[in-house]
There are 2 protein chains.
Amino acid sequence: MASDVIWPHGLQHGGKRPGSPTLVQATYDSMREDILSGRLQPGTKLRAEALKERYNVGASTLREALNLLVGEALVASEGQKGFRVTPMSEADFRDIVRVRKMLETQALRESFELGDDDWEAEVVAAFHRLSRIEERVSDDPAGLSGEWEERNRAFHAALISACPSRWLHHFIGILFHQSERYRRIAFSQSQGPVKRRDVHAEHEAIYEAAIARDVAQACALTEQHIDRTLSFLSDGGAFHQFGAQ
Amino acid sequence: MASDVIWPHGLQHGGKRPGSPTLVQATYDSMREDILSGRLQPGTKLRAEALKERYNVGASTLREALNLLVGEALVASEGQKGFRVTPMSEADFRDIVRVRKMLETQALRESFELGDDDWEAEVVAAFHRLSRIEERVSDDPAGLSGEWEERNRAFHAALISACPSRWLHHFIGILFHQSERYRRIAFSQSQGPVKRRDVHAEHEAIYEAAIARDVAQACALTEQHIDRTLSFLSDGGAFHQFGAQ
DNA sequence: ATTTTACACTTTTTCGATATTATTCGGCCA
DNA sequence: TGGCCGAATAATATCGAAAAAGTGTAAAAT
(Lines give C-alpha, C1' and ligand atoms only; values in the text may rest on other atoms or scores of the structure.)
Protein backbone atom coordinates (compact mmCIF):
# COMPACT_ATOMS: atom_id res chain seq x y z
CA MET A 1 0.00 0.00 0.00
CA ALA A 2 1.11 3.48 -0.81
CA SER A 3 0.53 4.68 2.74
CA ASP A 4 3.34 2.45 3.94
CA VAL A 5 5.92 4.45 2.06
CA ILE A 6 8.64 5.74 4.30
CA TRP A 7 9.32 9.37 3.55
CA PRO A 8 12.96 10.25 3.88
CA HIS A 9 12.52 13.64 5.51
CA GLY A 10 9.56 15.37 7.06
CA LEU A 11 8.26 17.34 9.96
CA GLN A 12 5.96 14.70 11.43
CA HIS A 13 8.26 12.45 13.38
CA GLY A 14 11.05 14.00 15.33
CA GLY A 15 14.15 12.69 13.72
CA LYS A 16 13.84 8.97 14.37
CA ARG A 17 12.27 6.91 11.67
CA PRO A 18 9.70 4.18 12.46
CA GLY A 19 11.69 0.99 12.63
CA SER A 20 15.34 1.54 11.82
CA PRO A 21 17.89 0.78 14.46
CA THR A 22 20.60 0.45 11.87
CA LEU A 23 24.06 1.83 12.37
CA VAL A 24 23.72 3.95 9.27
CA GLN A 25 20.65 5.60 10.73
CA ALA A 26 22.31 6.22 14.06
CA THR A 27 25.35 7.69 12.36
CA TYR A 28 23.15 9.80 10.15
CA ASP A 29 21.26 11.13 13.17
CA SER A 30 24.39 11.96 15.17
CA MET A 31 26.00 13.59 12.23
CA ARG A 32 22.96 15.65 11.40
CA GLU A 33 22.77 16.85 14.97
CA ASP A 34 26.45 17.76 14.80
CA ILE A 35 25.89 19.76 11.65
CA LEU A 36 22.74 21.45 12.88
CA SER A 37 24.37 22.43 16.13
CA GLY A 38 27.48 23.73 14.42
CA ARG A 39 29.84 21.25 16.03
CA LEU A 40 30.68 20.41 12.45
CA GLN A 41 31.08 23.86 10.97
CA PRO A 42 29.84 24.96 7.54
CA GLY A 43 32.38 24.30 4.84
CA THR A 44 34.38 21.84 6.92
CA LYS A 45 35.99 19.05 4.98
CA LEU A 46 34.70 15.71 6.19
CA ARG A 47 37.67 13.38 6.31
CA ALA A 48 36.82 9.73 6.38
CA GLU A 49 39.45 8.66 8.90
CA ALA A 50 38.53 11.30 11.46
CA LEU A 51 34.81 10.61 11.16
CA LYS A 52 35.25 6.85 11.33
CA GLU A 53 36.85 7.34 14.69
CA ARG A 54 34.38 9.97 15.83
CA TYR A 55 31.32 7.84 15.15
CA ASN A 56 32.93 4.44 15.59
CA VAL A 57 31.87 3.01 12.27
CA GLY A 58 33.45 1.49 9.20
CA ALA A 59 34.14 3.22 5.92
CA SER A 60 31.04 2.25 4.02
CA THR A 61 28.66 2.85 6.89
CA LEU A 62 30.05 6.32 7.13
CA ARG A 63 29.71 7.00 3.45
CA GLU A 64 26.14 5.78 3.47
CA ALA A 65 25.26 8.24 6.19
CA LEU A 66 27.07 10.95 4.24
CA ASN A 67 25.08 10.18 1.11
CA LEU A 68 21.84 10.39 3.05
CA LEU A 69 22.83 13.83 4.25
CA VAL A 70 23.53 14.86 0.67
CA GLY A 71 19.86 14.24 -0.04
CA GLU A 72 18.96 16.75 2.61
CA ALA A 73 21.57 19.21 1.33
CA LEU A 74 23.36 19.30 4.66
CA VAL A 75 26.43 17.76 3.10
CA ALA A 76 27.83 18.42 -0.36
CA SER A 77 29.63 15.77 -2.36
CA GLU A 78 32.46 16.99 -4.56
CA GLY A 79 33.36 14.53 -7.26
CA GLN A 80 36.37 12.47 -6.21
CA LYS A 81 37.37 14.98 -3.61
CA GLY A 82 35.26 13.85 -0.73
CA PHE A 83 32.50 15.48 1.22
CA ARG A 84 32.14 18.70 3.11
CA VAL A 85 29.53 20.32 5.29
CA THR A 86 27.33 22.46 3.05
CA PRO A 87 28.47 26.08 3.36
CA MET A 88 26.10 28.75 4.59
CA SER A 89 25.47 32.21 3.27
CA GLU A 90 23.10 35.06 3.85
CA ALA A 91 21.75 34.69 0.32
CA ASP A 92 21.01 31.04 0.97
CA PHE A 93 19.15 31.82 4.15
CA ARG A 94 17.09 34.52 2.46
CA ASP A 95 16.17 31.97 -0.16
CA ILE A 96 15.22 29.40 2.45
CA VAL A 97 13.04 31.95 4.21
CA ARG A 98 11.26 32.94 1.02
CA VAL A 99 10.49 29.43 -0.10
CA ARG A 100 9.60 28.31 3.38
CA LYS A 101 7.04 31.09 3.73
CA MET A 102 5.43 30.05 0.50
CA LEU A 103 5.25 26.36 1.36
CA GLU A 104 4.25 26.74 4.96
CA THR A 105 1.42 29.18 4.30
CA GLN A 106 0.11 26.89 1.59
CA ALA A 107 0.19 23.95 3.98
CA LEU A 108 -1.54 26.09 6.58
CA ARG A 109 -4.35 26.95 4.19
CA GLU A 110 -4.93 23.32 3.33
CA SER A 111 -4.69 22.28 6.95
CA PHE A 112 -7.23 24.87 8.10
CA GLU A 113 -9.60 23.80 5.43
CA LEU A 114 -9.45 20.10 6.24
CA GLY A 115 -8.65 20.08 9.95
CA ASP A 116 -11.30 18.45 12.15
CA ASP A 117 -11.75 18.42 15.92
CA ASP A 118 -8.90 15.97 16.42
CA TRP A 119 -6.63 18.33 14.57
CA GLU A 120 -7.70 21.21 16.77
CA ALA A 121 -7.06 19.12 19.85
CA GLU A 122 -3.57 18.32 18.61
CA VAL A 123 -2.86 21.99 18.07
CA VAL A 124 -4.14 22.86 21.54
CA ALA A 125 -1.98 20.17 23.10
CA ALA A 126 1.14 21.11 21.17
CA PHE A 127 0.69 24.79 22.02
CA HIS A 128 0.25 23.93 25.66
CA ARG A 129 3.43 21.92 25.76
CA LEU A 130 5.33 24.68 24.01
CA SER A 131 3.94 27.36 26.32
CA ARG A 132 5.01 25.45 29.38
CA ILE A 133 8.59 25.27 28.31
CA GLU A 134 8.64 28.86 27.11
CA GLU A 135 7.64 29.94 30.60
CA ARG A 136 10.68 28.23 32.00
CA VAL A 137 13.15 28.83 29.19
CA SER A 138 14.38 32.16 30.51
CA ASP A 139 15.56 30.45 33.69
CA ASP A 140 17.78 27.93 31.99
CA PRO A 141 18.20 28.77 28.30
CA ALA A 142 21.03 26.32 27.70
CA GLY A 143 19.60 23.30 29.46
CA LEU A 144 16.13 23.53 27.98
CA SER A 145 16.95 24.52 24.43
CA GLY A 146 16.98 20.96 23.14
CA GLU A 147 13.53 20.31 24.50
CA TRP A 148 12.33 23.69 23.27
CA GLU A 149 13.53 22.86 19.75
CA GLU A 150 11.48 19.70 19.85
CA ARG A 151 8.28 21.30 21.14
CA ASN A 152 8.61 24.20 18.75
CA ARG A 153 8.93 21.73 15.91
CA ALA A 154 5.93 19.79 17.20
CA PHE A 155 3.78 22.92 17.40
CA HIS A 156 4.55 23.96 13.85
CA ALA A 157 4.01 20.38 12.71
CA ALA A 158 0.63 20.23 14.45
CA LEU A 159 -0.56 23.40 12.74
CA ILE A 160 -0.05 21.89 9.31
CA SER A 161 -0.72 18.28 10.22
CA ALA A 162 -4.13 18.26 8.56
CA CYS A 163 -2.60 19.20 5.22
CA PRO A 164 -2.69 15.99 3.20
CA SER A 165 0.19 16.80 0.87
CA ARG A 166 3.11 14.46 1.50
CA TRP A 167 5.33 16.49 -0.74
CA LEU A 168 4.63 19.76 1.00
CA HIS A 169 5.49 18.09 4.29
CA HIS A 170 8.62 16.64 2.78
CA PHE A 171 9.92 19.95 1.48
CA ILE A 172 8.85 21.90 4.54
CA GLY A 173 10.72 19.40 6.69
CA ILE A 174 13.91 19.94 4.73
CA LEU A 175 13.65 23.71 4.89
CA PHE A 176 12.79 23.63 8.56
CA HIS A 177 15.99 21.77 9.31
CA GLN A 178 17.96 24.16 7.18
CA SER A 179 16.50 27.11 9.06
CA GLU A 180 17.23 25.42 12.34
CA ARG A 181 20.87 25.19 11.38
CA TYR A 182 21.05 28.89 10.63
CA ARG A 183 19.23 29.80 13.80
CA ARG A 184 21.26 27.58 16.07
CA ILE A 185 24.64 28.41 14.63
CA ALA A 186 24.02 32.14 14.45
CA PHE A 187 22.58 32.14 17.93
CA SER A 188 25.40 30.20 19.53
CA GLN A 189 28.05 32.35 17.92
CA SER A 190 26.45 35.74 18.46
CA GLN A 191 28.33 37.61 21.10
CA GLY A 192 27.13 40.26 23.48
CA PRO A 193 23.65 40.76 24.84
CA VAL A 194 21.09 39.50 22.41
CA LYS A 195 18.10 41.66 21.73
CA ARG A 196 15.23 39.67 23.17
CA ARG A 197 12.46 38.68 20.91
CA ASP A 198 9.11 37.62 22.22
CA VAL A 199 8.76 34.35 20.40
CA HIS A 200 6.07 33.16 22.74
CA ALA A 201 3.80 36.07 21.86
CA GLU A 202 4.24 35.21 18.20
CA HIS A 203 3.35 31.60 18.83
CA GLU A 204 0.32 32.61 20.86
CA ALA A 205 -0.96 34.89 18.12
CA ILE A 206 -0.61 32.12 15.54
CA TYR A 207 -2.30 29.70 17.90
CA GLU A 208 -5.28 31.96 18.37
CA ALA A 209 -5.65 32.54 14.67
CA ALA A 210 -5.58 28.77 14.20
CA ILE A 211 -8.31 28.10 16.72
CA ALA A 212 -10.39 30.89 15.20
CA ARG A 213 -9.72 29.33 11.76
CA ASP A 214 -8.65 32.73 10.52
CA VAL A 215 -6.59 31.61 7.54
CA ALA A 216 -5.46 35.00 6.34
CA GLN A 217 -4.38 36.06 9.78
CA ALA A 218 -2.54 32.82 10.49
CA CYS A 219 -0.67 33.01 7.20
CA ALA A 220 0.29 36.61 7.75
CA LEU A 221 1.51 35.86 11.26
CA THR A 222 3.44 32.82 10.11
CA GLU A 223 5.16 34.82 7.42
CA GLN A 224 6.13 37.42 9.99
CA HIS A 225 7.28 34.70 12.32
CA ILE A 226 9.58 33.21 9.71
CA ASP A 227 10.74 36.62 8.53
CA ARG A 228 11.65 37.68 12.04
CA THR A 229 14.20 34.91 12.31
CA LEU A 230 15.88 36.44 9.30
CA SER A 231 15.90 40.04 10.48
CA PHE A 232 16.88 38.86 13.93
CA LEU A 233 19.98 37.14 12.61
CA SER A 234 20.63 39.89 10.12
CA ASP A 235 20.43 42.67 12.71
CA GLY A 236 22.55 40.69 15.11
CA GLY A 237 25.35 40.73 12.55
CA ALA A 238 25.31 36.97 12.53
CA PHE A 239 26.11 36.77 8.84
CA HIS A 240 29.61 38.14 8.93
CA GLN A 241 31.01 34.71 9.67
CA PHE A 242 29.77 33.40 6.35
CA GLY A 243 31.87 35.77 4.30
CA ALA A 244 35.10 33.85 4.08
CA GLN A 245 35.53 30.13 3.72
CA MET B 1 32.34 30.36 -2.04
CA ALA B 2 28.68 29.57 -1.69
CA SER B 3 28.14 29.57 -5.43
CA ASP B 4 30.42 26.55 -5.73
CA VAL B 5 28.02 24.39 -3.79
CA ILE B 6 26.95 21.34 -5.71
CA TRP B 7 23.22 20.91 -5.52
CA PRO B 8 22.16 17.31 -5.37
CA HIS B 9 19.18 17.58 -7.66
CA GLY B 10 17.94 20.26 -10.00
CA LEU B 11 16.63 21.02 -13.40
CA GLN B 12 19.66 22.90 -14.73
CA HIS B 13 22.06 20.19 -15.77
CA GLY B 14 20.71 17.15 -17.49
CA GLY B 15 21.56 14.30 -15.21
CA LYS B 16 25.36 14.43 -15.23
CA ARG B 17 26.98 16.42 -12.49
CA PRO B 18 29.95 18.74 -13.26
CA GLY B 19 32.96 16.61 -12.43
CA SER B 20 31.97 13.24 -11.07
CA PRO B 21 33.03 10.19 -13.00
CA THR B 22 32.71 8.06 -9.91
CA LEU B 23 31.22 4.60 -9.98
CA VAL B 24 28.60 5.59 -7.46
CA GLN B 25 27.45 8.39 -9.75
CA ALA B 26 27.34 6.10 -12.75
CA THR B 27 25.40 3.48 -10.83
CA TYR B 28 23.06 6.14 -9.49
CA ASP B 29 22.42 7.44 -13.00
CA SER B 30 21.77 4.01 -14.49
CA MET B 31 19.55 3.04 -11.67
CA ARG B 32 17.57 6.24 -11.82
CA GLU B 33 17.04 5.78 -15.52
CA ASP B 34 15.89 2.22 -14.86
CA ILE B 35 13.39 3.42 -12.29
CA LEU B 36 12.17 6.35 -14.36
CA SER B 37 11.68 4.17 -17.40
CA GLY B 38 9.90 1.48 -15.42
CA ARG B 39 12.47 -1.24 -16.07
CA LEU B 40 12.58 -1.41 -12.31
CA GLN B 41 8.91 -1.41 -11.48
CA PRO B 42 7.31 0.50 -8.62
CA GLY B 43 7.31 -1.50 -5.41
CA THR B 44 9.96 -3.94 -6.61
CA LYS B 45 12.25 -5.24 -3.94
CA LEU B 46 15.83 -4.29 -4.68
CA ARG B 47 17.95 -7.30 -3.77
CA ALA B 48 21.60 -6.58 -3.34
CA GLU B 49 22.92 -9.66 -5.11
CA ALA B 50 20.85 -9.16 -8.23
CA LEU B 51 21.73 -5.49 -8.48
CA LYS B 52 25.42 -6.05 -7.86
CA GLU B 53 25.43 -8.25 -10.89
CA ARG B 54 23.21 -5.97 -12.94
CA TYR B 55 25.37 -2.90 -12.45
CA ASN B 56 28.71 -4.66 -11.93
CA VAL B 57 29.56 -3.01 -8.65
CA GLY B 58 30.39 -4.01 -5.11
CA ALA B 59 28.06 -4.01 -2.16
CA SER B 60 28.91 -0.62 -0.71
CA THR B 61 28.97 1.19 -4.05
CA LEU B 62 25.52 -0.15 -4.67
CA ARG B 63 24.22 0.92 -1.28
CA GLU B 64 25.63 4.39 -1.73
CA ALA B 65 23.75 4.81 -4.98
CA LEU B 66 20.64 3.46 -3.29
CA ASN B 67 20.95 5.97 -0.48
CA LEU B 68 21.29 8.79 -2.97
CA LEU B 69 18.06 7.68 -4.60
CA VAL B 70 16.37 7.68 -1.22
CA GLY B 71 17.08 11.40 -1.07
CA GLU B 72 15.15 11.86 -4.27
CA ALA B 73 12.36 9.61 -3.01
CA LEU B 74 12.75 7.23 -5.92
CA VAL B 75 13.78 4.46 -3.57
CA ALA B 76 12.42 3.75 -0.10
CA SER B 77 14.54 2.26 2.63
CA GLU B 78 12.81 -0.12 5.03
CA GLY B 79 14.65 -0.64 8.26
CA GLN B 80 16.75 -3.77 8.13
CA LYS B 81 14.66 -5.16 5.36
CA GLY B 82 16.37 -3.62 2.43
CA PHE B 83 15.29 -1.21 -0.25
CA ARG B 84 12.50 -1.12 -2.73
CA VAL B 85 11.46 1.09 -5.61
CA THR B 86 9.10 3.73 -4.25
CA PRO B 87 5.53 2.67 -5.03
CA MET B 88 3.30 4.86 -7.15
CA SER B 89 -0.30 5.85 -6.66
CA GLU B 90 -2.82 8.16 -8.20
CA ALA B 91 -3.01 10.14 -4.96
CA ASP B 92 0.74 10.64 -5.03
CA PHE B 93 0.67 11.88 -8.59
CA ARG B 94 -2.15 14.29 -7.84
CA ASP B 95 -0.06 15.62 -5.00
CA ILE B 96 2.99 15.98 -7.20
CA VAL B 97 0.95 17.85 -9.78
CA ARG B 98 -0.49 20.24 -7.21
CA VAL B 99 2.81 21.12 -5.60
CA ARG B 100 4.59 21.28 -8.91
CA LYS B 101 2.12 23.81 -10.23
CA MET B 102 2.65 25.99 -7.21
CA LEU B 103 6.44 25.88 -7.38
CA GLU B 104 6.77 26.17 -11.11
CA THR B 105 4.45 29.16 -11.44
CA GLN B 106 6.29 30.89 -8.64
CA ALA B 107 9.61 30.28 -10.36
CA LEU B 108 8.09 31.54 -13.58
CA ARG B 109 7.01 34.78 -11.94
CA GLU B 110 10.46 35.40 -10.54
CA SER B 111 12.12 34.44 -13.79
CA PHE B 112 9.97 36.79 -15.85
CA GLU B 113 10.69 39.61 -13.48
CA LEU B 114 14.44 39.16 -13.53
CA GLY B 115 15.10 37.69 -16.96
CA ASP B 116 17.27 39.80 -19.24
CA ASP B 117 18.03 39.54 -22.95
CA ASP B 118 20.32 36.59 -22.45
CA TRP B 119 17.54 34.76 -20.70
CA GLU B 120 15.18 35.49 -23.59
CA ALA B 121 17.75 34.22 -26.03
CA GLU B 122 18.06 30.99 -24.05
CA VAL B 123 14.31 30.53 -24.11
CA VAL B 124 14.18 31.13 -27.85
CA ALA B 125 16.98 28.63 -28.45
CA ALA B 126 15.47 25.97 -26.21
CA PHE B 127 12.07 26.36 -27.82
CA HIS B 128 13.61 26.08 -31.24
CA ARG B 129 15.39 22.87 -30.36
CA LEU B 130 12.22 21.44 -28.87
CA SER B 131 10.11 22.44 -31.86
CA ARG B 132 12.47 20.75 -34.25
CA ILE B 133 12.20 17.44 -32.53
CA GLU B 134 8.47 17.74 -32.07
CA GLU B 135 8.12 18.08 -35.83
CA ARG B 136 9.85 14.77 -36.28
CA VAL B 137 8.59 12.90 -33.26
CA SER B 138 5.47 11.56 -34.95
CA ASP B 139 7.64 9.72 -37.49
CA ASP B 140 9.67 7.80 -34.96
CA PRO B 141 8.16 8.12 -31.49
CA ALA B 142 10.24 5.37 -29.90
CA GLY B 143 13.62 6.35 -31.28
CA LEU B 144 13.34 10.02 -30.53
CA SER B 145 11.68 9.94 -27.14
CA GLY B 146 14.93 10.06 -25.20
CA GLU B 147 16.05 13.16 -27.02
CA TRP B 148 12.59 14.67 -26.70
CA GLU B 149 12.67 14.14 -22.91
CA GLU B 150 15.92 16.02 -22.79
CA ARG B 151 14.81 18.96 -24.92
CA ASN B 152 11.51 19.19 -23.12
CA ARG B 153 13.38 19.37 -19.84
CA ALA B 154 15.73 21.98 -21.26
CA PHE B 155 12.85 24.14 -22.45
CA HIS B 156 11.12 24.12 -19.10
CA ALA B 157 14.45 24.75 -17.40
CA ALA B 158 15.15 27.72 -19.65
CA LEU B 159 11.81 29.32 -18.84
CA ILE B 160 12.62 29.43 -15.15
CA SER B 161 16.38 29.80 -15.46
CA ALA B 162 16.32 33.46 -14.45
CA CYS B 163 14.69 32.63 -11.14
CA PRO B 164 17.47 32.98 -8.60
CA SER B 165 16.08 30.63 -5.99
CA ARG B 166 18.28 27.57 -5.63
CA TRP B 167 15.75 25.88 -3.44
CA LEU B 168 12.90 26.34 -5.87
CA HIS B 169 15.06 24.83 -8.59
CA HIS B 170 16.01 22.00 -6.28
CA PHE B 171 12.45 21.07 -5.43
CA ILE B 172 11.14 21.60 -8.94
CA GLY B 173 13.86 19.28 -10.19
CA ILE B 174 12.78 16.53 -7.83
CA LEU B 175 9.12 16.87 -8.76
CA PHE B 176 9.92 17.01 -12.44
CA HIS B 177 11.67 13.68 -12.23
CA GLN B 178 8.83 12.22 -10.25
CA SER B 179 6.36 13.39 -12.90
CA GLU B 180 8.56 12.00 -15.60
CA ARG B 181 8.37 8.60 -13.96
CA TYR B 182 4.60 8.69 -13.93
CA ARG B 183 4.39 9.90 -17.48
CA ARG B 184 6.86 7.40 -18.88
CA ILE B 185 5.56 4.38 -17.05
CA ALA B 186 1.92 5.14 -17.69
CA PHE B 187 2.65 5.88 -21.30
CA SER B 188 4.69 2.77 -21.97
CA GLN B 189 2.15 0.51 -20.35
CA SER B 190 -0.97 2.02 -21.85
CA GLN B 191 -2.29 -0.28 -24.52
CA GLY B 192 -4.40 0.53 -27.50
CA PRO B 193 -4.50 3.73 -29.50
CA VAL B 194 -3.61 6.66 -27.31
CA LYS B 195 -5.64 9.80 -27.66
CA ARG B 196 -3.22 12.26 -29.17
CA ARG B 197 -2.52 15.42 -27.29
CA ASP B 198 -1.04 18.45 -28.97
CA VAL B 199 1.85 19.05 -26.64
CA HIS B 200 3.62 21.21 -29.15
CA ALA B 201 0.76 23.68 -29.27
CA GLU B 202 0.90 23.94 -25.50
CA HIS B 203 4.61 24.59 -25.58
CA GLU B 204 4.20 27.17 -28.27
CA ALA B 205 1.55 29.04 -26.29
CA ILE B 206 3.76 29.10 -23.22
CA TYR B 207 6.68 30.23 -25.33
CA GLU B 208 4.75 33.13 -26.77
CA ALA B 209 3.54 34.22 -23.37
CA ALA B 210 7.14 34.12 -22.18
CA ILE B 211 8.44 36.31 -24.97
CA ALA B 212 5.57 38.73 -24.41
CA ARG B 213 6.42 38.66 -20.70
CA ASP B 214 2.79 37.95 -19.94
CA VAL B 215 3.20 36.46 -16.49
CA ALA B 216 -0.42 35.69 -15.78
CA GLN B 217 -0.89 34.01 -19.11
CA ALA B 218 2.28 31.97 -18.83
CA CYS B 219 1.38 30.76 -15.36
CA ALA B 220 -2.12 29.83 -16.40
CA LEU B 221 -0.83 27.93 -19.42
CA THR B 222 1.82 26.18 -17.39
CA GLU B 223 -0.75 25.06 -14.86
CA GLN B 224 -2.89 23.71 -17.67
CA HIS B 225 0.13 22.06 -19.19
CA ILE B 226 0.97 20.25 -15.94
CA ASP B 227 -2.68 19.44 -15.26
CA ARG B 228 -3.13 17.90 -18.67
CA THR B 229 -0.54 15.28 -17.95
CA LEU B 230 -2.69 14.25 -15.03
CA SER B 231 -5.99 14.13 -16.85
CA PHE B 232 -4.28 12.47 -19.78
CA LEU B 233 -3.03 9.64 -17.62
CA SER B 234 -6.23 9.55 -15.63
CA ASP B 235 -8.48 9.34 -18.70
CA GLY B 236 -6.23 6.73 -20.23
CA GLY B 237 -6.95 4.49 -17.27
CA ALA B 238 -3.24 4.39 -16.52
CA PHE B 239 -3.77 4.32 -12.79
CA HIS B 240 -5.32 0.89 -12.52
CA GLN B 241 -1.92 -0.74 -12.35
CA PHE B 242 -1.13 1.05 -9.09
CA GLY B 243 -3.91 -0.61 -7.14
CA ALA B 244 -2.25 -3.85 -6.13
CA GLN B 245 1.33 -4.37 -5.10
C1' DA C 1 -5.94 -27.91 15.33
C1' DT C 2 -3.20 -24.17 16.82
C1' DT C 3 0.61 -22.10 18.83
C1' DT C 4 5.49 -22.31 20.07
C1' DT C 5 10.26 -23.26 19.43
C1' DA C 6 14.30 -24.46 17.10
C1' DC C 7 16.86 -24.63 13.08
C1' DA C 8 18.49 -23.84 8.49
C1' DC C 9 18.55 -20.55 4.95
C1' DT C 10 18.37 -15.99 2.71
C1' DT C 11 19.20 -11.18 2.72
C1' DT C 12 20.95 -7.20 4.57
C1' DT C 13 24.38 -4.67 7.06
C1' DT C 14 28.94 -3.75 8.44
C1' DC C 15 33.87 -3.92 8.39
C1' DG C 16 38.75 -3.75 6.99
C1' DA C 17 41.79 -4.20 3.18
C1' DT C 18 43.00 -2.79 -1.57
C1' DA C 19 42.88 0.04 -5.68
C1' DT C 20 42.40 4.62 -7.45
C1' DT C 21 42.70 9.28 -7.46
C1' DA C 22 44.05 13.83 -5.61
C1' DT C 23 47.53 16.67 -3.28
C1' DT C 24 51.86 18.05 -1.62
C1' DC C 25 56.66 18.74 -1.85
C1' DG C 26 61.12 19.03 -3.73
C1' DG C 27 64.16 19.35 -7.49
C1' DC C 28 64.94 21.03 -12.11
C1' DC C 29 64.93 24.25 -15.81
C1' DA C 30 64.02 28.77 -17.96
C1' DT D 1 62.68 33.96 -8.64
C1' DG D 2 59.01 31.62 -10.63
C1' DG D 3 56.90 28.00 -12.94
C1' DC D 4 56.70 23.10 -14.15
C1' DC D 5 57.31 18.15 -13.85
C1' DG D 6 57.35 13.86 -11.19
C1' DA D 7 57.78 11.13 -7.12
C1' DA D 8 56.07 10.59 -2.43
C1' DT D 9 52.21 11.06 0.44
C1' DA D 10 47.55 11.44 1.82
C1' DA D 11 42.82 10.85 1.04
C1' DT D 12 39.01 8.82 -1.33
C1' DA D 13 36.47 5.20 -3.70
C1' DT D 14 35.65 0.43 -4.29
C1' DC D 15 35.50 -4.34 -3.29
C1' DG D 16 34.58 -8.86 -1.18
C1' DA D 17 34.03 -11.32 2.90
C1' DA D 18 32.39 -11.64 7.76
C1' DA D 19 28.74 -10.53 10.97
C1' DA D 20 24.01 -9.53 12.09
C1' DA D 21 19.31 -9.71 11.26
C1' DG D 22 15.26 -11.34 9.05
C1' DT D 23 12.35 -15.28 7.01
C1' DG D 24 10.37 -19.60 6.41
C1' DT D 25 9.68 -24.52 7.73
C1' DA D 26 8.79 -28.31 10.37
C1' DA D 27 8.77 -30.71 14.55
C1' DA D 28 7.24 -30.41 19.43
C1' DA D 29 4.08 -28.83 22.79
C1' DT D 30 -0.36 -27.07 24.31
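The structure presented is a predicted model; accordingly, all values stated were derived computationally and were not measured.

### Structural notes on the relation of the copies chain A and chain B
No. 1: Superposition record for chain A on chain B: RMSD 0.0 Å, screw rotation 180 degrees, translation along axis 0.0 Å. On the angle and the small slide along the axis, the relation comes out as a two-fold axis. Rotation axis and chain A: the residue whose C-alpha lies nearest the axis is Gly71 of chain A, separated from it by 2.0 Å.

### Observations regarding the protein's contact with DNA strand D
No. 1: Residues in close proximity to DNA strand D total 22 residues, the closest being Arg63 of chain A together with Leu23, Gly58, Ser60 and Thr61 of chain B.
No. 2: The sugar-phosphate backbone supplies 82% of the atoms of DNA strand D found within 4 Å of the protein.
No. 3: Separating a phosphate oxygen of DNA strand D from a side-chain N or O atom of Lys45 of chain A is a distance of 3.4 Å.
No. 4: A distance of 2.3 Å separates a phosphate oxygen of DNA strand D from a polar atom in the backbone of Leu23 of chain B.
No. 5: Contributing elements (two or more residues each) for the surface near DNA strand D: strand 1 (45-46) and helix 3 (59-71) of chain A together with helix 1 (23-37) and helix 3 (59-71) of chain B.
No. 6: The element best represented in the surface near DNA strand D is helix 3 of chain B, accounting for 3 residues.

### Section: the interface of chain A and chain B
No. 1: Contacts between chain A and chain B engage 42 residues on the former and 42 residues on the latter.
No. 2: Of the roughly 3600 Å² buried between chain A and chain B, counting both surfaces, carbon and sulfur atoms make up 67%.
No. 3: Considering only the surface of chain A that becomes buried against chain B, Glu64, Trp167 and Phe171 of chain A emerge as the three largest contributors, covering 18% of it.
No. 4: The tally of links between chain A and chain B comes to 4 salt bridges.
No. 5: We note a salt bridge from Arg98 of chain B to Glu110 of chain A, for which the minimum N-O separation is 2.9 Å.
No. 6: Inspection of the chain A/chain B interface yields 14 residue pairs in polar contact (both at pLDDT 80 or more).
No. 7: Among the elements of the structure, helix 3, strand 2 (75-77), helix 4 (90-114) and helix 7 (166-189) of chain A are those that each provide at least two residues to the side of chain A that touches chain B.
No. 8: For the side of chain A that touches chain B, the element with the highest residue contribution is helix 4 of chain A, accounting for 9 residues.
No. 9: Class assignment for the residues of the side of chain A that touches chain B results in 20 nonpolar, 14 polar and 8 charged.

Calculation notes
- Residues numbered from 1 in each chain as written.
- Chains lettered and ligands numbered in written order.
- Predicted model: local features only at pLDDT ≥ 70, side-chain atom pairs only at ≥ 80, totals over all residues.
- Heavy atoms only, no water.
- Least-squares fit on C-alpha atoms with pLDDT ≥ 70 in both.
- Near = heavy atom within 4 Å.
- Polar contact = N/O pair within 3.5 Å; in protein donor to acceptor, adjacent residues only side chain to side chain.
- Helix = DSSP H or I, 4+ residues; strand = E, 2+ residues; numbered from the N terminus.
- Contact = heavy atoms within 4.5 Å.
- Buried area = accessible area lost by both parts, 1.4 Å probe.
- Salt bridge = Lys/Arg side-chain N within 4 Å of Asp/Glu carboxyl O.
- Nonpolar A, V, L, I, M, F, W, Y, C, P; charged D, E, K, R; others polar.

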